[in-house]
Amino acid sequence: MAEATVTFILNNLKELLVSLGKQISEVNHKVKSLSNDLEFFNGFLIEATKKPIEDPTMKALVKQARQAVYDAEDIVDQYIIEAAKYKTRGKFSKMKHPLEHPLELFNLAQKIVPVKAMVDDIYKKKAFSTQDGEGSKFNTTVKKPEKAPMAEEDHMVGMEDEATKVINLLITKSEELEITTIAGMPGLGKTTLAKKIFLDSTIEFEFHTRVWVYVSQDCNRKEVFLTILEKIAKVTDEMRNMTAENLANILFRSLEKTKCLIVMDDVWTQKDWNDLQIAFPKNKNIRILLTSRDNNVGKSDKCKVKLHNLRPLNTEESRTLLIRKAVGSEECPEELITHRNNIAHECGGLPLSIVVIGGILLEKGTNKRDWEDVSKDVMGYVVEMDKEKVMNTFIEWSFYGLDYHLKVCLIYFGMLPQEYRISVWKLIRLWIAEGYIQPKGEIILETLAENYLTDLVNRNLVMVEKWRPNGKIKTCYVHNMIHVFCKKKARDENFYHEIKQSNQNIDSSSNNAIEMCRGLSIPPHFVKYISPERFGSHVRVLDGEPIGFPRFPPDLDKLVNLRYLILSIKFKALPKHITNLWNIQTLIVKTSSNSLEIKGDIWKMIRLRHLETNASTSFPDLRSKKRNNEEGSLTNLRTFSTISPETCTRDVFDRAPNLSKLGIRGQLAKLFEVEGGSSLFDNVKRLTSLENLKLFNDVLAVQDSKGKIDCLPDKFPPNLKKLTLYGTELDWTCMSTLGMLENLEILKLKENAFKGNKWVPKDGGFPVLNVLHIGRTDLVTWNASATHFPSLKSLHLRHCNALNALPSDLANITSLQTMELYRTNKIAAESAKKIQIQHQQIVKGKGFKLSIYPPDHDQ
């Protein structure tokens, strides 16, 4: 979105002006002027897009503003490219052509003039609209539905178990005020469920006084308080004229001795709840049931809070609801079963989506051809045929309730394939590459992006597919209906353009849609048709993993605005001109070779944040290069994986001091070897920000004394949280060293990390270890107790064929949540099942989840 683009451009300009200084003073004043104009754009676009825009004139105005921003972005991109070229020239070249660069930049700066004129024109129009006041034709406010739509009671499906769970939460005795929140994404049926509970006979018996109040996005405290008072007391004209604060006091006193249930439907924000809860006393007889799209709504330090996340409908429930709405009966005609199943699946368990598509099908009847057409593009039919725009309105109001930085992050999901499950690390890097995550104080960009994602999850706009053992999100996605909304939004704002078919002329100068778009989605086999000269300023992300390049792609280095690049290659070296991609933030290289040489000077790629390869990677010797303090330091670099042991010099890590993830692959004996009283690993120990370390021993013949690792160093980086070992073939006695790592939360012992038939852990080790993974090993006897792993949550054993049994005392680890055995043996599987039964008895609950493969070991 343009709002994020503005911030991105401004930061680029500030960085450019600081780095180049007087070298380009001829045009600096013009750039500074543009910066000031863009600051105005930022405020205007954020304000103008807080709510849906219905007025055509206002729509045109905002579109014009966005285009001005995009034009400015193109100019700034060119400006930065030219300035960077000038700065990297040698002294002789600068002396030979002393005026060439300033003249080029001056000509470039002339293009700013029409953009500035557009800014001035928009400013005048905005000033005119402001003078018109609330009645202006530029008013962006759209009337919100007075109440949330609910599915009819006779079409309720799959609510019984959910209702029972919430009813039990409400009627459980307590000595204080209790709040229960039903949370879920738009259209999931929160209001329908709350209505079912409100009318339930058990609730009627328990609470003689029940109040239903609709709060909505435009929360009016006074109206909410009056609605509740009308049910429990007599409301006078004097009270109707009171302030919200005075009404809150009266309501507070009225509720002190009252037993009642108050349902507050559609509470949008925690701030709204904070403003409302002052009217509720800590009366143990009062229960408050909230419905909200935000998991955080209802949280309070003053009372007990219970969260109930409403689940989507399962497959059978979705099919049942669809047939009831589309056919008006419980039975599905046999010829429609296949199409019913497809349509129900596409709705993703969202009741409102099913109700809407069911209504469309009801009008069409039971014609097989019509159902087949709908099943081919279910979400498309919802968008086109939903005359009331129920689904769009529901999602739209959630969207416009977001801050602008969250809006652009959500829209990005529309650029991904439908139903695509994306890993969080990839999503975060893509957001950063596109410029959506901007600096905020001292917070690391990746941390900031994680916080944004968590916010979208809590608002139930993004769904979590898998969680990591440490409680962080591993993979996520959006519901199909939200995907359709985001995709349409992205297209409407020229956010991106999608090339689907080979007959689309993507290199035609007449194709304005592609010319104006800010991003391209192109199938891998079309990459060769992309002209760097034409699309270079637009391409920031290029995922070339599916292609498999036999040699370095020609002209790739001309895509100087690339910020995210994945290459899958069949050669062993990256050329020197890889460093022309000076804007790159994430560089991922996957090669078929065990080693990779990067011939370019990566220390010039000052924006690099993540460098990942699957091979032992080496670089030119830094000692041969003279540098000043400004050049050659990658202070933003967070990931450096995997590099060769020989690369782990003090000079390298001095230039990458803020690493949080490091991978080392090669002959690790060289890493640990002590010469002159020190080793290369001593340089690793000095990385105080390092949290994740992977060590891969690439020695085929460990019998060779040069390749054998006798023991681990006695110290590791001080803040290490995750350690992975592969092929190190250490003795199990070395585990005592790892057990002393105070901050270690995850330990992954991959294939042949340790050898020996017996492991006896020492007391006092692994104080905070949450995850233990043991891969292929010859371990036979494992003598351990709960005291050796006091914080363990997940245990994973893979290919431990010789292990005779798991330690029985693992049952006493109350924190244990999951245990996975993959291709171990039947004896080990039997011992795991016994441990699970004992664990259930100890924790007095379900105990940990046990997974055994192959299934015959579970018999």
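Because the structure is predicted, anything quoted here is derived from the model rather than measured. (Residues numbered from 1 in each chain as written. Predicted model: local features only at pLDDT ≥ 70, side-chain atom pairs only at ≥ 80, totals over all residues. Heavy atoms only, no water.)

J.: Looking at this structure, how should I read the sheet that holds strand E1 (residues 178-183)?
T.: The strand order across the open sheet formed by five strands is E2-E3-E4-E1-E5, and the pairing between neighbours is parallel. Each edge of the open sheet is held by one strand with a lone partner, namely strand E2 (209-216) and strand E5 (304-309). Adjacent strand axes in the sheet meet at a mean angle of 15 degrees, parallel and antiparallel pairs treated alike. Pairing between E1 and strand E4 (residues 286-292): six bridges, direction parallel. Of the residues in E4, the one forming a bridge with Ile182 is Thr291. Lying on the sheet, helix H10 (residues 221-232) is in contact with E2 and strand E3 (260-267); it crosses E2 at an angle near 165 degrees. (Pairing = 2+ DSSP bridges. Helix = DSSP H or I, 4+ residues; strand = E, 2+ residues; numbered from the N terminus. Axes fitted to C-alpha atoms, helices over the stretch in contact; angles between N-to-C directions. Contact = heavy atoms within 4.5 Å.)

J.: Can you walk me through the nonpolar core in this structure?
T.: Generally speaking, nonpolar side chains in soluble globular proteins are found buried as a group. Among the nonpolar cores identified, the biggest contains 92 residues, and Phe640, Leu662, Leu738, Trp782 and Leu806 are the most heavily contacted of them. The leading source of residues in this core is helix H30 (residues 826-843), at four residues. The contacts of Leu662, once residues within four sequence positions are left out, are Phe640, Ser641, Ile643, Phe653, Val684, Leu687, Leu690, Asn692, Leu693 and Lys694. Ile182, Val355, Leu448 and Met463 belong to the second-largest nonpolar core, a separate cluster that totals 90 residues. (Core = buried A, V, L, I, M, F, W, Y, C linked by side-chain atoms within 4.5 Å. Buried < 20%, exposed > 50% of the residue type's maximum accessible area, 1.4 Å probe, protein only.)

J.: How do you make sense of unusual backbone geometry when you look at a structure like this?
T.: In terms of backbone geometry, most residues other than glycine have negative phi values and most peptide bonds are trans. Residues Ser641 and Thr642 are joined by a peptide bond in cis, for which omega reads -5 degrees. Mapped onto the fold, Thr642 is located in strand E17 (residues 639-643). For the peptide bond that leads from Tyr853 to Pro854, omega is 0 degrees, which places it in the cis range. Along the polypeptide, Pro854 turns up in the segment after strand E29 (849-853).

J.: Can you walk me through the pattern of salt bridges in this structure?
T.: Here the idea is simple: oppositely charged side chains can pair when their charged atoms come close. Applying the stated criterion to the full structure yields 36 salt bridges. Note that Lys306 is salt-bridged to Glu178, the shortest N-O span being 3.0 Å. Linking Lys306 in strand E5 with Glu178 in strand E1, this pair joins segments that are 128 residues apart in sequence. In this structure Glu178 comes out as buried when scored by relative accessible area, which is 2%. Salt-bridge contacts for Lys685 lead to Asp682; the nearest nitrogen and oxygen are separated by 3.1 Å. Pair noted here: Lys685 and Asp682 are both in helix H28 (residues 681-685), with a separation of three residues, about one helical turn. (Salt bridge = Lys/Arg side-chain N within 4 Å of Asp/Glu carboxyl O.)

J.: Looking at this structure, I do not really get the packing of helix H19 (residues 390-400) against helix H23 (residues 480-492). What am I missing?
T.: The description of two packed helices rests on the angle between their axes and on the distance between the axes. Two elements in contact, H19 and H23, have axes separated by 10 Å at closest approach and are oriented at 70 degrees. Put simply, H19 runs roughly perpendicular to H23. Our pair here, H19 against H23, has a crossing hand that is right-handed. For the pair H19 and H23, the contacting residues are Met391, Asn392, Ile395, Glu396, Phe399 and Tyr400 in the first and Met481, Ile482, Phe485 and Lys489 in the second. Here the contact of H19 with H23 is composed, by residue class, of seven nonpolar, one polar and two charged. (Parallel < 35°, antiparallel > 145°, perpendicular 65-115°, else oblique. Left-handed = near helix turned anticlockwise from the far one by under 90°. Nonpolar A, V, L, I, M, F, W, Y, C, P; charged D, E, K, R; others polar.)

J.: I'm lost on the confidence of the model for the protein chain in this one. Help?
T.: In low-pLDDT segments, the atomic positions of the prediction should not be examined closely. Overall, the prediction assigns the protein chain a mean pLDDT of 82, with 77% of residues at 70 or greater. This stretch, residues 130-154, has a pLDDT under 50; its non-local contacts, to residues over four places away or in other chains, come to 41 contacts. With pLDDT under 50 throughout, residues 626-630 is counted as low confidence; its partners more than four residues away or in other chains account for five contacts. (pLDDT = per-residue confidence, 0-100.)

J.: Quick question: what am I supposed to make of the side chain of Asn697 here?
T.: Assignment of secondary structure puts Asn697 in strand E19 (residues 692-697). A relative accessible area of 5% means that Asn697 is categorised as buried. Side-chain polar atoms of Asn697 contact the backbone oxygen of Gly727, separated by 3.1 Å. Those residues in contact with Asn697, other than ones at most four positions away along the chain, are Gly666, Gln667, Leu668, Gly707, Ile709, Tyr726, Gly727 and Thr728. (Polar contact = N/O pair within 3.5 Å; in protein donor to acceptor, adjacent residues only side chain to side chain.)

J.: Please clarify how the packing of aromatic side chains should be interpreted in this entry.
T.: Under the definition given, this model contains 18 aromatic pairs. Centre to centre, the rings of Phe198 and Trp212 are 5.6 Å apart; their planes meet at 80 degrees, and the pair counts as edge-to-face. On the criterion of sequence distance, the pair formed by Phe198 in helix H8 (residues 190-198) and Trp212 in strand E2 is long-range, its members being 14 residues apart. Residue class for Phe198 comes out buried when judged on its relative accessible area of 10%. Both rings, one in Trp759 and one in Trp782, keep their centres 5.3 Å apart while their planes meet at 5 degrees; by these two values the pair is stacked. Of this pair, Trp759 sits in strand E24 (residues 758-759) while Trp782 sits in strand E26 (residues 781-782); the two residues are 23 residues apart in sequence, bridging distant segments of the chain. Just as Trp759 is buried, Trp782 falls in that class too. An aromatic cluster is defined as three or more aromatic residues linked by ring pairs; in this entry it consists of Trp732, Phe754, Trp759, Phe766, Trp782 and Phe789. A cation over a ring is seen here: Arg210 above Phe198, with NZ or CZ 4.8 Å from the ring centre. A cation over an aromatic ring shows up here: Arg798 above the ring of Tyr822, its NZ or CZ 4.2 Å from the ring centre. (Phe/Tyr/Trp six-rings, centres within 6.5 Å; stacked < 30°, edge-to-face > 60°. Lys NZ or Arg CZ within 6 Å of the ring centre and 35° of its normal.)

J.: Which parts of the structure should I look at to understand H30?
T.: Residues that lie three or four places apart on an α-helix share one face, since the helix turns once every 3.6 residues. If you check H30, its first and last C-alpha atoms are 26 Å apart, about what 18 residues at 1.5 Å a residue would give, namely 26 Å. Among the residues of H30, those classed as buried are Ala828, Ala829, Ser831, Ala832, Lys833, Ile835, Gln836 and His839. In this structure, the buried residues of H30 make contact with strand E28 (818-822) and E29. Its side-chain oxygen 3.1 Å from the backbone nitrogen of Ile827, Asn825 forms the N-cap of H30. (Expected span 1.5 Å × (residues − 1).)

J.: Teacher, can you tell me more about the packing of helix H14 (residues 315-326) against helix H16 (residues 351-364) here?
T.: Here H14 crosses H16 at 35 degrees, and the two axes come no closer than 7 Å. For the pair H14 and H16, the crossing hand works out as right-handed. Along the contact surface, H14 presents Ser318, Leu321, Leu322, Lys325 and Ala326, while H16 presents Pro351, Ile354, Val355, Ile357, Gly358, Leu361 and Leu362. Classifying every residue of the contact of H14 with H16 gives nine nonpolar, two polar and one charged.

J.: Explanation requested: the pairing of E28 in the structure shown.
T.: The side chains of a regular strand alternate, first on one face of the sheet and then on the other. Covered by surrounding structure in E28 are Met819 and Leu821 only, the residues Thr818, Glu820 and Tyr822 on the alternate face being uncovered. Here five bridges tie strand E27 (residues 794-798) to E28, and the two strands are oriented parallel to one another. Each residue of the ladder has a partner; that of Ser794, found in E28, is Thr818. Sheet topology note: the E28/E29 ladder contains five bridges and is parallel. Considered in E29, the bridge of Met819 is made with Leu850. The parallel pair E28 and E29 is bridged by H30, and the resulting crossover is right-handed. (Right-handed = clockwise from strand over helix to strand, strands pointing away.)

J.: Explain the sheet that holds strand E7 (residues 463-467) here, please?
T.: Strand pairs in the sheet, formed through backbone hydrogen bonds, run parallel or antiparallel to each other. With respect to topology, three strands assemble into an open sheet ordered E6-E8-E7, the strand pairing being antiparallel. Every other strand in the sheet has two partners, leaving strand E6 (422-423) and E7 as the edge strands with one partner each. Note that E6 and strand E8 (residues 473-477) share two bridges and pair antiparallel. Residue pairing across strands places Ile422 opposite Cys476, the latter belonging to E8.

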